[in-house]
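Structural overview for review
Below, each chain spelled out in residue letters.
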Amino acid sequence: DGTAWDVLLDWADVAVVVKHVLLKTFELHCDKFVERCRANGVLIVSSPVDATFDRIDDRFVNELADAVVVLSEYQQCAIASVRGVESVHYVPHAVRTAFERVVPVKTTPELVVWENPVHYHPAFPSSMKAPYEELESLISEECSRAGVAFMPFISFDMDYKEWLAFCGTADVAVECKALNLAHSEQQLRKPATKVINYLSLGIPVVCDSVPAYRAVEKDAVDRPAILFADDLI
(Lines give C-alpha, C1' and ligand atoms only; values in the text may rest on other atoms or scores of the structure.)
Protein backbone atom coordinates (compact mmCIF):
# COMPACT_ATOMS: atom_id res chain seq x y z
CA ASP A 1 0.00 0.00 0.00
CA GLY A 2 3.05 2.24 -0.16
CA THR A 3 3.29 2.98 3.58
CA ALA A 4 6.75 1.39 3.94
CA TRP A 5 8.47 3.47 1.31
CA ASP A 6 6.43 6.50 2.35
CA VAL A 7 8.29 6.48 5.67
CA LEU A 8 11.67 5.81 4.05
CA LEU A 9 11.28 8.75 1.69
CA ASP A 10 11.09 11.15 4.63
CA TRP A 11 14.86 10.85 5.11
CA ALA A 12 16.12 9.58 1.74
CA ASP A 13 18.10 11.62 -0.79
CA VAL A 14 18.09 9.00 -3.55
CA ALA A 15 15.64 6.18 -4.21
CA VAL A 16 17.02 3.32 -6.31
CA VAL A 17 14.41 0.94 -7.71
CA VAL A 18 15.89 -2.35 -8.94
CA LYS A 19 14.00 -4.45 -11.51
CA HIS A 20 10.63 -2.95 -10.68
CA VAL A 21 8.79 -5.39 -12.97
CA LEU A 22 9.24 -8.02 -10.25
CA LEU A 23 7.37 -5.84 -7.75
CA LYS A 24 3.79 -6.96 -8.29
CA THR A 25 2.11 -3.80 -7.01
CA PHE A 26 4.66 -1.26 -8.19
CA GLU A 27 2.66 -0.24 -11.24
CA LEU A 28 -0.37 0.50 -9.06
CA HIS A 29 1.62 2.79 -6.77
CA CYS A 30 4.17 4.11 -9.26
CA ASP A 31 2.63 7.55 -9.77
CA LYS A 32 2.16 8.05 -6.03
CA PHE A 33 5.75 6.94 -5.43
CA VAL A 34 7.07 9.43 -7.99
CA GLU A 35 4.87 12.21 -6.62
CA ARG A 36 6.13 11.54 -3.07
CA CYS A 37 9.76 11.57 -4.26
CA ARG A 38 9.25 14.86 -6.07
CA ALA A 39 7.63 16.42 -2.98
CA ASN A 40 10.61 15.37 -0.83
CA GLY A 41 13.28 16.29 -3.36
CA VAL A 42 14.36 12.64 -3.67
CA LEU A 43 16.27 11.67 -6.82
CA ILE A 44 14.74 8.60 -8.51
CA VAL A 45 17.12 6.08 -10.08
CA SER A 46 15.90 3.03 -11.97
CA SER A 47 18.02 -0.09 -12.42
CA PRO A 48 15.96 -2.30 -14.74
CA VAL A 49 18.62 -5.07 -14.79
CA ASP A 50 17.43 -7.44 -17.55
CA ALA A 51 13.81 -6.30 -17.68
CA THR A 52 12.35 -5.19 -21.00
CA PHE A 53 11.93 -1.46 -21.42
CA ASP A 54 9.38 -1.34 -24.23
CA ARG A 55 6.27 -2.37 -22.30
CA ILE A 56 3.71 0.10 -21.03
CA ASP A 57 4.55 -0.59 -17.38
CA ASP A 58 8.13 0.39 -18.14
CA ARG A 59 7.23 4.04 -18.55
CA PHE A 60 8.91 4.27 -15.15
CA VAL A 61 12.22 3.55 -16.90
CA ASN A 62 11.45 5.46 -20.08
CA GLU A 63 10.00 8.64 -18.58
CA LEU A 64 9.56 8.90 -14.82
CA ALA A 65 12.94 8.04 -13.30
CA ASP A 66 15.45 10.89 -13.10
CA ALA A 67 18.26 8.56 -14.12
CA VAL A 68 18.75 4.97 -15.20
CA VAL A 69 21.70 2.76 -14.26
CA VAL A 70 22.32 -0.16 -16.62
CA LEU A 71 24.73 -3.07 -16.57
CA SER A 72 25.16 -3.61 -20.30
CA GLU A 73 26.11 -1.27 -23.14
CA TYR A 74 23.46 -2.76 -25.41
CA GLN A 75 20.78 -1.93 -22.85
CA GLN A 76 22.25 1.56 -22.46
CA CYS A 77 21.86 2.23 -26.19
CA ALA A 78 18.34 0.83 -26.25
CA ILE A 79 17.07 2.91 -23.33
CA ALA A 80 19.00 6.02 -24.39
CA SER A 81 17.22 5.88 -27.76
CA VAL A 82 13.99 6.51 -25.83
CA ARG A 83 14.98 8.95 -23.09
CA GLY A 84 18.31 10.42 -24.25
CA VAL A 85 21.91 9.60 -23.39
CA GLU A 86 22.47 12.13 -20.60
CA SER A 87 20.44 10.27 -17.99
CA VAL A 88 21.39 6.66 -18.80
CA HIS A 89 24.56 5.52 -17.04
CA TYR A 90 26.47 2.33 -17.77
CA VAL A 91 28.43 0.68 -14.95
CA PRO A 92 31.53 -0.94 -16.49
CA HIS A 93 32.15 -4.55 -15.59
CA ALA A 94 35.80 -4.08 -14.64
CA VAL A 95 34.88 -2.68 -11.24
CA ARG A 96 32.84 -5.78 -10.43
CA THR A 97 35.17 -8.66 -11.29
CA ALA A 98 37.36 -8.81 -8.18
CA PHE A 99 37.35 -12.31 -6.68
CA GLU A 100 35.60 -12.61 -3.32
CA ARG A 101 37.59 -15.76 -2.59
CA VAL A 102 40.48 -17.62 -4.14
CA VAL A 103 39.65 -21.07 -5.50
CA PRO A 104 42.45 -23.28 -6.80
CA VAL A 105 41.83 -24.37 -10.40
CA LYS A 106 41.75 -28.15 -10.60
CA THR A 107 43.64 -29.98 -13.33
CA THR A 108 40.56 -32.16 -13.78
CA PRO A 109 37.20 -30.62 -12.88
CA GLU A 110 34.74 -32.71 -10.91
CA LEU A 111 31.45 -30.83 -11.39
CA VAL A 112 30.09 -28.76 -14.29
CA VAL A 113 26.85 -26.83 -13.61
CA TRP A 114 24.28 -25.08 -15.78
CA GLU A 115 22.04 -22.71 -13.83
CA ASN A 116 18.48 -22.19 -15.07
CA PRO A 117 18.96 -23.64 -18.59
CA VAL A 118 16.60 -21.73 -20.87
CA HIS A 119 14.81 -24.88 -22.06
CA TYR A 120 13.87 -25.71 -18.46
CA HIS A 121 11.87 -22.50 -18.10
CA PRO A 122 8.10 -23.18 -18.30
CA ALA A 123 7.56 -20.11 -20.49
CA PHE A 124 10.17 -21.19 -23.05
CA PRO A 125 8.42 -22.37 -26.29
CA SER A 126 8.52 -26.14 -26.75
CA SER A 127 9.28 -25.63 -30.44
CA MET A 128 12.60 -23.98 -29.54
CA LYS A 129 13.85 -26.45 -26.94
CA ALA A 130 15.46 -29.06 -29.22
CA PRO A 131 18.85 -27.32 -29.77
CA TYR A 132 19.29 -26.67 -26.05
CA GLU A 133 18.31 -30.22 -25.18
CA GLU A 134 20.89 -31.39 -27.71
CA LEU A 135 23.47 -29.06 -26.18
CA GLU A 136 22.72 -30.43 -22.72
CA SER A 137 23.05 -33.96 -24.05
CA LEU A 138 26.42 -33.17 -25.66
CA ILE A 139 27.75 -31.58 -22.48
CA SER A 140 26.51 -34.52 -20.42
CA GLU A 141 28.15 -37.01 -22.79
CA GLU A 142 31.48 -35.15 -22.76
CA CYS A 143 31.43 -34.89 -18.99
CA SER A 144 30.57 -38.56 -18.64
CA ARG A 145 33.42 -39.49 -20.99
CA ALA A 146 35.82 -37.44 -18.88
CA GLY A 147 34.47 -38.78 -15.59
CA VAL A 148 33.05 -35.38 -14.61
CA ALA A 149 29.62 -34.84 -13.07
CA PHE A 150 27.25 -32.51 -14.94
CA MET A 151 24.27 -30.95 -13.21
CA PRO A 152 21.74 -28.52 -14.70
CA PHE A 153 19.87 -26.91 -11.82
CA ILE A 154 17.08 -24.43 -11.14
CA SER A 155 17.93 -21.65 -8.70
CA PHE A 156 14.65 -19.70 -8.76
CA ASP A 157 13.58 -21.10 -5.38
CA MET A 158 17.03 -21.10 -3.77
CA ASP A 159 17.98 -18.50 -1.22
CA TYR A 160 21.43 -16.92 -1.48
CA LYS A 161 23.08 -19.23 1.05
CA GLU A 162 21.78 -22.33 -0.73
CA TRP A 163 22.95 -21.02 -4.09
CA LEU A 164 26.37 -20.08 -2.71
CA ALA A 165 26.84 -23.48 -1.07
CA PHE A 166 25.89 -25.30 -4.26
CA CYS A 167 27.98 -23.16 -6.60
CA GLY A 168 30.88 -23.48 -4.16
CA THR A 169 31.12 -27.13 -5.22
CA ALA A 170 31.26 -26.35 -8.96
CA ASP A 171 34.44 -26.30 -11.03
CA VAL A 172 33.00 -24.99 -14.33
CA ALA A 173 29.74 -23.14 -15.09
CA VAL A 174 27.84 -23.15 -18.39
CA GLU A 175 25.77 -20.05 -19.24
CA CYS A 176 23.89 -20.05 -22.56
CA LYS A 177 21.05 -17.77 -23.70
CA ALA A 178 20.99 -18.55 -27.44
CA LEU A 179 22.78 -20.71 -29.97
CA ASN A 180 24.31 -19.48 -33.24
CA LEU A 181 24.00 -15.85 -32.06
CA ALA A 182 20.21 -16.00 -32.44
CA HIS A 183 19.56 -13.79 -29.40
CA SER A 184 16.30 -11.98 -28.85
CA GLU A 185 16.30 -8.28 -28.06
CA GLN A 186 15.72 -9.02 -24.38
CA GLN A 187 18.60 -11.51 -24.32
CA LEU A 188 20.89 -8.96 -25.96
CA ARG A 189 20.12 -6.54 -23.13
CA LYS A 190 20.97 -9.10 -20.45
CA PRO A 191 23.59 -7.92 -17.95
CA ALA A 192 26.45 -10.25 -17.10
CA THR A 193 25.20 -10.95 -13.59
CA LYS A 194 25.62 -14.72 -13.69
CA VAL A 195 29.04 -14.57 -15.36
CA ILE A 196 30.21 -11.99 -12.80
CA ASN A 197 28.86 -14.14 -9.97
CA TYR A 198 30.73 -17.21 -11.17
CA LEU A 199 33.97 -15.32 -11.74
CA SER A 200 33.73 -13.77 -8.28
CA LEU A 201 33.63 -17.32 -6.91
CA GLY A 202 36.65 -18.32 -8.97
CA ILE A 203 34.58 -20.54 -11.29
CA PRO A 204 35.57 -20.59 -15.01
CA VAL A 205 32.62 -19.99 -17.37
CA VAL A 206 31.70 -21.39 -20.77
CA CYS A 207 29.13 -19.05 -22.32
CA ASP A 208 27.62 -17.62 -25.49
CA SER A 209 28.25 -14.15 -26.94
CA VAL A 210 25.69 -12.02 -25.15
CA PRO A 211 27.15 -8.49 -25.55
CA ALA A 212 27.50 -8.00 -21.80
CA TYR A 213 29.38 -11.30 -21.49
CA ARG A 214 31.81 -10.14 -24.17
CA ALA A 215 32.16 -6.85 -22.31
CA VAL A 216 33.36 -8.68 -19.21
CA GLU A 217 36.30 -9.98 -21.19
CA LYS A 218 36.90 -6.54 -22.73
CA ASP A 219 36.58 -4.54 -19.51
CA ALA A 220 38.33 -6.83 -17.05
CA VAL A 221 41.68 -5.70 -15.69
CA ASP A 222 42.94 -9.30 -15.68
CA ARG A 223 41.89 -11.77 -18.36
CA PRO A 224 38.85 -13.58 -16.93
CA ALA A 225 38.43 -17.36 -17.16
CA ILE A 226 35.80 -17.28 -19.92
CA LEU A 227 35.45 -19.52 -22.98
CA PHE A 228 32.95 -18.38 -25.62
CA ALA A 229 31.07 -21.13 -27.47
CA ASP A 230 28.11 -20.17 -29.66
CA ASP A 231 27.21 -23.42 -31.40
CA LEU A 232 27.02 -27.15 -30.87
CA ILE A 233 30.38 -27.90 -32.51
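These figures come from a predicted structure and were not determined experimentally.

Quick look at a nonpolar patch on the surface
Residues Val-14, Val-16, Val-18 and Leu-43 make up a contiguous nonpolar surface patch of roughly 330 Å² in combined accessible area. The biggest single contributor to the nonpolar patch is strand S1 (residues 14–18), with 3 residues.

Details of the pattern of salt bridges
Summed over all chains, the structure comprises 8 salt bridges. A salt bridge links Lys-177 to Glu-175; the nearest nitrogen and oxygen atoms lie 3.2 Å apart. Like Lys-177, the residue Glu-175 is buried in the burial classification. Residues Glu-185 and Arg-189 are paired through a salt bridge, measuring 3.9 Å at the closest nitrogen-oxygen approach. Taking relative accessible area as the criterion, Arg-189 reaches 3% and is therefore assigned buried. Shared partners join several salt bridges into a network, and the residues in it are Glu-175, Lys-177 and Lys-194.

Thoughts on the sheet that holds strand S2 (residues 43–47)
Each strand in a sheet pairs with its neighbour through backbone hydrogen bonds, running either in the same direction (parallel) or in the opposite one (antiparallel). One open sheet accounts for 4 strands, arranged S1-S2-S3-S4; its pairing is parallel. Among the strands making up the open sheet, the edge pair consists of S1 and strand S4 (88–90). Neighbour-to-neighbour, the strand axes of the sheet open up by a mean angle of 25°, direction not taken into account. In this fold helix H4 (residues 73–83) packs onto strand S3 (67–70) and S4, with an angle of close to 170° to the strand it touches most, S4.

Some points on the confidence of the model for the chain
A residue-level look at the chain finds 88% of positions with pLDDT of 70 or above and a mean pLDDT of 84. In the predicted structure, residues 95–100 sits below a pLDDT of 50 and forms 11 contacts with residues beyond four places in sequence or in another chain.

Comments concerning the side chain of His-119
Inspection of the secondary structure assignment puts His-119 in the loop between strand S5 (111–115) and helix H5 (130–146). In contact with His-119, other than residues within four places in its own chain, are Trp-114, Phe-124, Lys-129, Tyr-132, Glu-133 and Glu-136.

Quick look at the sheet that holds strand S6 (residues 149–153)
Reading across the sheet, the 5 strands line up as S6-S5-S7-S8-S9 and stay open at both edges, with parallel pairing between neighbours. Each having just a single partner strand, S6 and strand S9 (226–228) make up the two edges of the open sheet. Ignoring which end each strand starts from, the neighbouring axes of this sheet average 20° apart. As judged from the 3 bridges shared by strand S7 (residues 172–175) and strand S8 (residues 205–207), these two strands associate in the parallel manner. Bridging across to S8, Glu-175 finds its partner in Cys-207. The sheet contacts of helix H9 (residues 211–219) involve S7, S8 and S9, and relative to S9 the element is tilted by about 135°.

With respect to H5
Each turn of an α-helix holds 3.6 residues, which means side chains three or four residues apart point in the same direction. Taking 1.5 Å per residue as the helical rise, H5 with its 17 residues ought to reach 24 Å, and the 24 Å between its terminal C-alpha atoms agrees with that figure. For H5, the complete set of buried residues consists of Tyr-132, Leu-135, Glu-136, Ile-139 and Cys-143. The arc that holds every buried residue of H5, seen down its axis, measures 100°, which confines them to one face. Set apart from the buried face of H5 by more than 90 degrees, the exposed residues are Ser-144 and Arg-145. The elements touched by buried residues of H5 are S5, S6 and S7.

Some points on unusual backbone geometry
Positioned with a positive phi, Asn-180 is a non-glycine residue whose angle comes to about 55°. By the element assignment, Asn-180 lies in the loop between S7 and helix H7 (185–188). Judged by its relative accessible area of 57%, Asn-180 falls in the exposed class. Positive phi outside glycine occurs at Leu-181, with the angle close to 60°. In this structure, Leu-181 sits in the loop between S7 and H7.

Let's talk about the pairing of S5
Burial of S5 is extensive: 5 of the 5 residues sit out of reach of the surface. Taking every second residue as pointing to the same face, both faces of S5 are buried, with Leu-111, Val-113 and Glu-115 on one and Val-112 and Trp-114 on the other. Bridge analysis of S5 against S6 gives 5 bridges, and the strand direction is parallel. Bridge assignment links Val-113 to a residue of S6, and that residue is Met-151. Handedness of the crossover is the feature at issue here: the chain leaves S5, passes through H5, returns alongside S6, and the resulting connection is right-handed. By the bridge criterion, 3 bridges tie S5 to S7 in an arrangement that is parallel. Following the sheet pairing, Val-113 is matched in S7 by Ala-173.

What counts and what doesn't
Residues numbered from 1 in each chain as written. Predicted model: local features only at pLDDT ≥ 70, side-chain atom pairs only at ≥ 80, totals over all residues. Heavy atoms only, no water. Patch = residues over 30% accessible without salt bridge, like charges linked within 9 Å, V, L, I, M, F, W, Y side chains within 5 Å. Areas by Shrake-Rupley, 256 points an atom, 1.4 Å probe, with all protein chains shown as cover. Salt bridge = Lys/Arg side-chain N within 4 Å of Asp/Glu carboxyl O. Helix = DSSP H or I, 4+ residues; strand = E, 2+ residues; numbered from the N terminus. Buried < 20%, exposed > 50% of the residue type's maximum accessible area, 1.4 Å probe, protein only. Pairing = 2+ DSSP bridges. Axes fitted to C-alpha atoms, helices over the stretch in contact; angles between N-to-C directions. Contact = heavy atoms within 4.5 Å. pLDDT = per-residue confidence, 0-100. Expected span 1.5 Å × (residues − 1). Arc of directions from axis to C-beta. Right-handed = clockwise from strand over helix to strand, strands pointing away.

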